[in-house]
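Below, each chain spelled out in residue letters.
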Amino acid sequence: MRVRFLLESSKAVVLPWDYRTELTRAIYRYLNLIDSNYGEWLSKEGFRWGKRCYRLFVYSDLFPRQGRVSEKGFEGVETITWEVSSPDKRFVETLVSGVEQEGRQVTLFGATFQIIDKAMFEPPCLRSGLVFRTISPVSVSVPNPDHPRHPIYLKPDQPEFVEALEKNLIKKWQAFRGKEWNGSEFRIRVWNPKRKLIRVFDIMVLAWHLNLQMWGDEELIKFAYDAGLGVKNSQGFGMIQPL
């Protein structure tokens, strides 16, 4: 399930380059306004499979309708489009209720944005072989045996990139459904990557805007649309949109 917000500020705002930390904190703030038990569970526990824990929500880049590029970010921004998604309908409904309770206002970057439009919608028809683009960059990593707290980020031209992407998606599906994946063959192809190095919670994350195509079980394709691809989805990485 996905929600799209159209945010408008009464004054021009500087949209900083490293905005994801503030967005993630805002999401948890609105969840806790409505259901603090759920917000705390999602933050500390989440959906588990084996030793891994997944938050299972994802959000898009911020898309300003106007503004100019500067060293600080985008200046002169007044209107922004933002999407948030999760396979857990409870998450989306609780988030929207929290925003409504705050008077349809979102405080970000020292400014108050009014929500002038909001749309909640289920995934469209997502068939095998459909082509997508990222609307927040995809990050893919594997554990670093020498430095467990510093993963090894992969590049799209490495064969391990797609393999890790596919395995990560299946593990997240298993965590959400609470059972082993026994579906049909599933494949992903990626191309046209554009490198991004993004700071979030004081960590530099290597990620990629790219095009991709998925073949196989349509339930898993729908799950990728709802939950995002790759790692750090809940910090604004891996949201996709059909072309």
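In what follows, the structure referred to is the one given above.
Residues numbered from 1 in each chain as written. Predicted model: local features only at pLDDT ≥ 70, side-chain atom pairs only at ≥ 80, totals over all residues. Heavy atoms only, no water.

### Re helix H5 (residues 218-227)
Alright, step 1. Burial analysis of H5 places 7 of its 10 residues in the buried class, the great majority of the element.
Alright, step 2. Turning to H5, its buried residues number three or more, namely Leu 220, Ile 221, Phe 223, Ala 224, Tyr 225, Asp 226 and Ala 227.
Alright, step 3. Structurally, the start of H5 carries an N-cap: the backbone nitrogen of Glu 219 is 2.8 Å from a side-chain oxygen of Asp 217.
Alright, step 4. Positive backbone phi, at 95 degrees, marks Gly 228, one or two positions downstream of H5. (Buried < 20%, exposed > 50% of the residue type's maximum accessible area, 1.4 Å probe, protein only. Helix = DSSP H or I, 4+ residues; strand = E, 2+ residues; numbered from the N terminus. Polar contact = N/O pair within 3.5 Å; in protein donor to acceptor, adjacent residues only side chain to side chain.)

### A look at the pairing of strand S7 (residues 73-85)
Alright, step 1. Inspection of the sheet shows strand S1 (residues 2-16) paired to S7 by 10 bridges, in the antiparallel sense. Looking at S7, one finds that Leu 6 is bridged to Thr 81.
Alright, step 2. The sheet contact formed by strand S4 (residues 58-59) and S7 spans 2 bridges and is antiparallel. The residue of S7 that forms the bridge with Val 58 is Ser 85.
Alright, step 3. Where strand S5 (residues 63-64) meets S7, 2 bridges bridge the pair, whose relative direction is antiparallel. Directly across from Phe 63, in S7, lies its bridge partner Thr 81.
Alright, step 4. As paired elements, strand S6 (residues 68-69) and S7 share 2 bridges and run antiparallel to each other. Counterpart to Arg 68 in the pairing with S7 is Glu 75. (Pairing = 2+ DSSP bridges.)

### Let's talk about the packing of helix H4 (residues 159-177) against H5
Alright, step 1. Orientation of H4 relative to H5, taken along the N-to-C sense of each, is 90 degrees, at an axis distance of 10 Å. In terms of orientation, H4 lies roughly perpendicular with respect to H5. The residues of H5 that touch H4, namely those facing Leu 169, Ile 170, Lys 172, Trp 173, Phe 176 and Arg 177, are Glu 219, Leu 220, Phe 223 and Ala 224. (Axes fitted to C-alpha atoms, helices over the stretch in contact; angles between N-to-C directions. Parallel < 35°, antiparallel > 145°, perpendicular 65-115°, else oblique. Contact = heavy atoms within 4.5 Å.)

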